[in-house]
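Chain residues, written in single-letter form:
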Amino acid sequence: MKNSFLLLLLFVSFYSCKKEEVATTQEVKIIQPELRFGYKIDDYKVIQDTIRKGESFGVILDRHHVYYPKINKIASSIKEVFDVRRVRAGKPYTILASKDSTEKAQVFIYKHDKINATIIDFKDSVIVAKPFQKKIKTVLKSVKGVINSSLSVSMDSLHLSPNLTYTIADIYAWTLDFYKLQKGDSFKFMYEEKFINDTVFAGYGDVKSAVFNHNGTNLYAFRFVADSISGIPEYYDENGNMLRSQFLKSPIKFQYRISSRYNLKRRIAHYGYRVKAHRGTDFAARNGTPIMATANGTVTESTRKRGNGNYVAVRHNAIYTTKYLHMSKRKVKVGDFVKQGDVIGYVGNTGSSSGNHVCYRFWKNGREVDPLSPKTKLPEAEPLKKSIKPAYLAFIAPLKYELENETLPVLDQEIIKNTD
Ligand SMILES: [Zn+2]
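Quantities reported herein were computed from a predicted structural model and do not represent experimental measurements.

A. Focus on the overall build of the protein chain. Within the protein chain, the secondary structure is distributed over six helices and 22 strands. Counting only residues that meet the buried cut, the protein chain has 42% of its 420 residues in that class. For the protein chain, long-range pairs separated by at least 24 residues make up 62% of all intrachain contacts whose partners lie at least 6 apart in sequence. Working note: accessible area of the protein chain is about 23,300 Å², and carbon and sulfur atoms make up 52% of it.

B. The arrangement of the sheet that holds strand β6 (residues 116–121) in detail. Ordered by their spatial adjacency, five strands build an open sheet running β3-β4-β5-β6-β7, and the pairing between neighbours is antiparallel. The open sheet is flanked by β3 (45–50) and β7 (128–133), the only strands paired with a single partner. Between one strand axis and the next, the sheet turns through 20° on average, direction left out of account. Pairing geometry for β3 and strand β4 (residues 92–97), over six bridges, is antiparallel. In the strand pairing of β4, Ile47 is matched with Ile95.

C. How the structure looks around the coordination of the zinc ion. Here the zinc ion is held by the protein donor atoms His278 (NE2), Asp282 (OD) and Cys359 (SG), which lie 2.0 to 2.2 Å from it. In primary-sequence terms, the residues that donate to the zinc ion follow H-x3-D-x76-C. Like His278, the residue Asp282 is buried in the burial classification.

D. Quick peek at the sheet that holds strand β11 (residues 217–225). Read across the sheet, five strands follow the order β8-β9-β10-β11-β12 without closing on themselves; strand pairing throughout is antiparallel. What marks the edges here is a single partner per strand, and that holds for β8 (136–146) and β12 (233–236). On average, each strand axis in the sheet is inclined to that of its neighbour by 25°, with strand direction left out of account. Where β8 and strand β9 (residues 186–196) come together, 11 bridges link them in antiparallel fashion. For Leu140, the partnering residue across the bridge sits in β9 and is Glu192. Running over the sheet, helix α5 (residues 162–171) touches β9, β10 (200–214), β11 and β12 and is turned about 40° from β10. Together, β9, β10, β11 and β12 form the strand contacts of helix α6 (residues 389–404), whose direction differs from that of β11 by roughly 135°.

E. Broad picture of the environment of Tyr256. Relative to the helices and strands, Tyr256 is located in the loop between β12 and β13 (257–260). Ignoring sequence-local partners within four residues, the contact set of Tyr256 consists of Asp177, Phe178, Tyr179, Ser250, Phe283, Ala284 and Ala285.

F. Structural context of the nonpolar core. Counting 48 residues, the largest nonpolar core has Leu151, Tyr172, Phe178, Phe212, Tyr324 and Ile344 as its most contacted members. Those elements that provide at least two residues to this core are α4 (151–157), α5, β9, β10, β17 (309–315), β18 (320–330), β20 (343–347) and β21 (357–364). Per-element tally for this core: the top contributor is α5, with four residues. Counting 22 residues, the second largest nonpolar core, distinct from the first, contains Ile47, Phe57, Val84 and Ile120.

G. Looking closely at α6. With 16 residues, α6 ought to run about 22 Å at 1.5 Å a step, and its terminal C-alpha atoms sit 21 Å apart, in line with that. Listed as buried for α6 are Tyr392, Ile396, Leu399 and Leu403. On its buried face, α6 is in contact with β9, β10, β11 and β12.

H. Quick look at the environment of Gly184. Residue placement: Gly184 occurs in the loop between α5 and β9. For Gly184, a relative accessible area of 36% puts it in the partly exposed group. Sequence-wise, Gly184 and Gly216 are 32 residues apart; in three dimensions their C-alpha atoms are separated by 9.4 Å.

I. Representation of the side chain of Asn310 in the model. Within the element layout of this structure, Asn310 appears in strand β17. A relative accessible area of 7% places Asn310 in the buried class. At a separation of 3.5 Å, a polar atom in the side chain of Asn310 contacts the main-chain carbonyl oxygen of Ser328. Residue contacts for Asn310: discarding those within four places in its chain leaves Thr303, Arg304, Tyr324, Leu325, His326, Met327, Ser328, Lys329, Arg330 and Thr350.

J. A look at the packing of aromatic side chains. Going through the model one piece at a time under the given rule, you end up with 23 aromatic pairs. Considering the side-chain rings of Phe187 and Phe189, the 4.7 Å spacing of their centres and the 10° angle between planes classify their relative orientation as stacked. In this pair, the class of Phe187 matches that of Phe189, namely buried. Both rings, one in Phe247 and one in Tyr320, keep their centres 5.1 Å apart while their planes meet at 70°; by these two values the pair is edge-to-face. Here Phe247 is found in the loop between β12 and β13, whereas its partner Tyr320 is found in strand β18, with 73 residues between them in sequence. For the pair formed by Phe247 and Tyr320, the shared burial category is buried. By way of ring pairs, the aromatic residues Phe247, Phe283, Tyr320, Tyr324, Tyr360 and Phe362 are connected into one cluster.

Criteria and thresholds
Residues numbered from 1 in each chain as written. Predicted model: local features only at pLDDT ≥ 70, side-chain atom pairs only at ≥ 80, totals over all residues. Heavy atoms only, no water. Helix = DSSP H or I, 4+ residues; strand = E, 2+ residues; numbered from the N terminus. Buried < 20%, exposed > 50% of the residue type's maximum accessible area, 1.4 Å probe, protein only. Contact = heavy atoms within 4.5 Å. Areas by Shrake-Rupley, 256 points an atom, 1.4 Å probe, with all protein chains shown as cover. Pairing = 2+ DSSP bridges. Axes fitted to C-alpha atoms, helices over the stretch in contact; angles between N-to-C directions. Donors = N, O, S within 2.8 Å, 3.2 Å for Na, K, Ca; no water. Core = buried A, V, L, I, M, F, W, Y, C linked by side-chain atoms within 4.5 Å. Expected span 1.5 Å × (residues − 1). Polar contact = N/O pair within 3.5 Å; in protein donor to acceptor, adjacent residues only side chain to side chain. Phe/Tyr/Trp six-rings, centres within 6.5 Å; stacked < 30°, edge-to-face > 60°.

Following this line, the structure appears as structure tokens:
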């Protein structure tokens, strides 16, 4: 009851702030002339459309009164920057055409995504193609919530897209068992949202920091680049231990339910209630849900057998091997190298199985063990180098403070990071 009230409260504050944001942007006055993609838009007839199936660059230009051999000339003179054969159905484009009666196309703007475009200008004898990037404002936001049933339900009720939920699930894939989330667990994340021209939402940036309070313990995640040469960011906890480690906690991405744990004394109807050891962990999930390799390795088996059904085995190194049973479909073959998180097959119900699930089996030094048991000591996450740790701790101190303390309502603490 208390939790749902808190969620409701968050929801209300989130929403009321969003309205305010809209109100402020409406005050922005546009000073003439209006420029779009760097062109004075009033000088042209503007045509906005989407590339249809089977349509080529030539077909589109022809429709707008540019003909061969001019089309060939455009294509060949810009091929270093833009290959016109690569225009894809479904992509939006803008044509700037002359305002006179010929309505002849002069500029073709191909939009790769919401932010990036290529401008092809052929209005003069010199044909130019150049990349264009819309101005992006990155806004740092924070959100917090309480788990009532699952992370995705809580994120949904906060009007956050599944993309952000996936990012969070990825960050915690090594440290948090999502099936173990309890009612009352809570979270707070600091993340970036990107806006085009200050108003149009263009997706999420990075999650900068996060804390998940699970069963009374704070699990922190801070994004940090430790290796300035590679520049690759990683997430670390408050002590500088990398969250990413050798094995994922689960071969399924957070939308699953553990239907049966590793249990040497299990009795099930299928075997007449005799003791039949269950040396795997069953993750129940919808038929067709992707199954991921829990660590890097080489596929040593990919076949179908009576009891196992469709299954894949991955040898990670001399010590560890994992197996994934009852797949509906396998996606890898023997000898393939797979990386942690790669999809190797899909959840099914093949072999001795009474429902859609993946039976996940784990070998350590030739013995089947329970990867979820604390007794099975799995390789530890890598700690930061001693020389970097002081800088890291100084870096996270204000972030940690922000995660731990009640601050102003969600959107009032926006920080504009860059405007270009
Ligand atoms: Zn099983």
